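# What the coordinates show
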Amino acid sequence: MVNVVVIALILFAVWTGWRVFRVDSMVRASFSLMLSFIAVGGVGVVLSMPYIGVATVFMMAVEMMAMAIFMVAFMMNPAGLNPMMMVHQHKFSVGAGVLAWLGLSTAVLSAELPSAPVTSEQRVVFDLGIELLGPSMLIFETAGVTLLATMVGAVILSSREGRYGHADHGSRPPGLAEGGDPAGRVPDEGGGHHHHHHGGH
Amino acid sequence: MIWLLLTVPVTLAVGVWLAATFDRLAPALWGARAGGPVAALRDGALLLRRQTVRTEAPDDLNRRLAPVVYLALAAIGLSVVPVTHAAPIESPVGIVIWGSCEALTIIAVFLHGWSPNAPFPLIGAYRYAAIALPVMLPSMFVLIAAALPAESLSVTAIVESQREVWNVVRQPLGLALFLLVGLTLTQRGPFDFADGADIAGGTSAEDSGAGRALWQLARLAMLTAFSAMAAALFLGGPLGPGLPGPVWLWLKTAAIMALTVLLGHGIARTTPGRMLTLLWIVALPVSFLHLAVSGGLALW
Amino acid sequence: MTLTIVLLGASALIGIGLYGALSQQSFVMLMMGLELMLNGAILAIIGFWSLGLAGMPEGQLLAIIVMAVMAVEMALGFALIVAVYRKRQADMTEALGTLKE
């Protein structure tokens, strides 16, 4: 019974994970990834890891909501009205993906896997709490400080105020001569699909 | 065991009717005409008779899924609330399950606005996501604080920890903040950025007929689930003298529901930008303070 | 037996994620590939912890660390996307070629 549920959830996780790169709608791609995470969280719940499983669902719901907003905000084809396949080095990537999958699967199949299942009388959530704030507190605190550094870094990176004015006004340095072209390198007209580098919004 | 599970649909059905009736009674507060207990049922039946409108190139799958997911989240959220000594879904991490339901609600509302492929619903969906995501932070602090005196993430244990004194006495700020969360989850009053009248009904602008009826039903069901959860976290849930547990839970749920409906009708909505500032500058630090104070009290 | 199935599923997720991270031109889609690989990692941790470690608490801790890594990746990734978009009005990896020469 447990096996059937686990297999079904894993198949669902892999299928939705695959759909992420195959659907044409940004929103569907994000929420397809979320479904993949929810299925993995479900495996966690079934395999007696309730806190991690449910917390994954919670965290991924928030993350993928933010992801969907960013996707729609930044990409030119949000609603999936056109086919969306924006890839580079495609064959190489397919090869690398298949190779990773086959390699890892071979490793799994050829290895001698341990067998020591969790017993049902273990208080796993309680154990996790004691571990987090006991023997492994230093690791847990390190994760906390890392997240703090991330917050600071994210705010600095995404701040609108730049050294030479607002970032969305170009934030370009002043010219070398009065009214001349800005100093520094001008990026080539190459990448991207928007070509209004000097456009003021 | 099976009767515990049966309480979920019964509570939801009665709760939805009660919430709809509260909504129709509220206008009496400022002297307008109030509807009676049958008005809600009549309005629902009228909605079901209307024809369904189809927009151009909608995301049909998500359009059908959104109300169903919303309703399912309300049912799951309700089923971790203990009815007597146990909850229909008894889990050591019940409160985290409720938190997940909260977070997934944002996605259900967003999809409801996204899927019709029309401007007003989309504006509603974006406004709602922008406001509801920061609301999740105070929500988590409130839930953690409520779990502190019980030293457990199980809602049953949290209820049990209130045998001496209710959490609303120990953590009055928690209930106030949790009511904000409830208003957000049910898209009411000051937090109704999804379905507001100022954008022609927002995510529901293109809804009609059975789809609209189901969406309104799901909103009221979420209000029921939220009220039951608030009653369990702050008012001791099924604990009480004399009457049996479920009756106490239902009475407390109805009280919280009336309070939420009152707040929803009584507080004006501000602009999304100002609300965002309020959430980040006021609600977040206050909830953090609340967590610190509750932690101190739990240790003391 | 279950452990083998779980690990095979995890390797499939990591394979798909690697494909996505290498092939997608859009930053956001690229990040989805990375997330999918971390999803595979979480699945493998869940499997090993539940079926091979007799429930050692450190295994759950590892899953929490992976989730923290995911949060860091998301936050910094989106911040970088915003920064690049402000500078170049672009959301594709090809837009960042000025350091090439």
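Not measured: the values here are computed from a predicted model.

Let us now look at the UniProt feature "transmembrane region" (unreviewed entry) in chain A. All names here are of chain A. UniProt tags residues 6-21, 33-52, 58-80, 92-113 and 133-157 as "transmembrane region" (unreviewed entry). Helix makes up 86% of residues 92-113 and strand 0%, with an end-to-end C-alpha separation of 31 Å. For residues 133-157, the end-to-end C-alpha separation is 32 Å, with 84% helix and 0% strand making up the annotated structure.

Take the UniProt feature "transmembrane region" (unreviewed entry) in chain C next. Residues and elements named next belong to chain C. In the numbering used here, UniProt assigns the "transmembrane region" (unreviewed entry) feature to residues 6-22, 34-55 and 61-85. Regarding residues 6-22, the helix share stands at 100% and the strand share at 0%, and the terminal C-alpha atoms are separated by 24 Å. Helix makes up 86% of residues 34-55 and strand 0%, whereas the separation of the span's terminal C-alpha atoms amounts to 27 Å.

As a rule of thumb, nonpolar side chains are buried together in soluble globular proteins. Within the largest apolar cluster, 155 residues are counted, with the highest numbers of intra-cluster contacts made by F31(A), M65(A), M67(A), W98(B), F178(B) and L233(B). It is helix 3 (residues 50-74) of chain A that provides the largest number of residues to this core, a total of 16 residues. Counting the residues that make up this core, at least three belong to each of domain 1 (1-77) and domain 2 (123-176) of chain A. Beyond its immediate stretch of four places on either side in the chain, W98(B) contacts G77(B), V80(B), L143(B), F178(B), L185(B), M222(B), A225(B), F226(B) and M229(B).

Attention now moves to the interface of chain C and chain A. In this assembly, 76 residues from chain C lie in contact with 93 residues from chain A. Between chain C and chain A, the buried area comes to about 7,500 Å², and carbon and sulfur atoms account for 75% of it. In this structure, the connection of chain C to chain A is made through 13 residue pairs in polar contact (both at pLDDT 80 or more). When residues of the side of chain C that touches chain A are traced back to their parent elements, those giving at least two are helix 1 (2-23), helix 2 (27-52) and helix 3 (57-88) of chain C. Taken together, the residues that form the side of chain C that touches chain A break down as 48 nonpolar, 20 polar and 8 charged.

Residues and elements named next belong to chain B. Taken as a whole and assessed by the stated rule, the structure comprises 3 salt bridges over all chains. In this structure, D23 engages R188 in a salt bridge whose closest nitrogen and oxygen atoms are separated by 2.8 Å. Of this pair, D23 sits in helix 1 (residues 2-25) while R188 is found in the loop between helix 8 (172-185) and helix 9 (209-234), placing the two residues 165 residues apart along the sequence. Between R163 and E160 there is a salt bridge whose closest N-O contact spans 2.6 Å. Using a relative accessible area of 48% as the deciding quantity, one classes R163 as partly exposed. A relative accessible area of 38% places E160 in the partly exposed class.

A word on the interface of chain A and chain B. Taken together, the 21 residues of chain A in the interface contact 21 residues of chain B. Both sides of the chain A and chain B interface together cover about 1,800 Å² of buried area, and 86% of this is carbon and sulfur. Counting the surface chain A buries against chain B, the share from its top three residues, R28(A), F58(A) and M65(A), is 30%. Our enumeration of links across chain A and chain B arrives at 0 salt bridges. At the junction of chain A and chain B, the tally comes to 1 residue pair in polar contact (both at pLDDT 80 or more).

Before going further, it helps to examine unusual backbone geometry. All names here are of chain B. Here N117, not a glycine, exhibits a phi torsion of approximately 60°, which is positive. Looking at where N117 falls in the secondary structure, it is placed in the loop between helix 4 (94-114) and helix 5 (119-147). Despite not being glycine, E151 shows a phi value in the positive range, around 55°. Note on placement: E151 falls in the loop between helix 5 and helix 6 (155-160).

Time to look at the packing of aromatic side chains. Summed over all chains, the structure comprises 10 aromatic pairs over all chains. With a centroid separation of 5.0 Å and 40° between ring planes, the pair formed by F178(B) and F226(B) is classed as tilted. A residue pair is termed long-range when its members are at least 10 positions apart, and F178(B) in helix 8 and F226(B) in helix 9 qualify at 48 residues. For F226(B), a relative accessible area of 0% corresponds to the buried category. Each member of the aromatic cluster is reached from another via a ring pair, and the members are F31(A), F110(B), W114(B) and Y126(B). Above the ring of F126(A), the side-chain terminus of R123(A) is found at 4.1 Å from the ring centroid.

Cut-offs used in this document
- Residues numbered from 1 in each chain as written.
- Chains lettered and ligands numbered in written order.
- Predicted model: local features only at pLDDT ≥ 70, side-chain atom pairs only at ≥ 80, totals over all residues.
- Heavy atoms only, no water.
- UniProt positions renumbered as here; feature names shortened; annotations may be inferred.
- Helix = DSSP H or I, 4+ residues; strand = E, 2+ residues; numbered from the N terminus.
- Core = buried A, V, L, I, M, F, W, Y, C linked by side-chain atoms within 4.5 Å.
- Buried < 20%, exposed > 50% of the residue type's maximum accessible area, 1.4 Å probe, protein only.
- Domains from an automatic or database assignment.
- Contact = heavy atoms within 4.5 Å.
- Buried area = accessible area lost by both parts, 1.4 Å probe.
- Polar contact = N/O pair within 3.5 Å; in protein donor to acceptor, adjacent residues only side chain to side chain.
- Nonpolar A, V, L, I, M, F, W, Y, C, P; charged D, E, K, R; others polar.
- Salt bridge = Lys/Arg side-chain N within 4 Å of Asp/Glu carboxyl O.
- Phe/Tyr/Trp six-rings, centres within 6.5 Å; stacked < 30°, edge-to-face > 60°.
- Lys NZ or Arg CZ within 6 Å of the ring centre and 35° of its normal.

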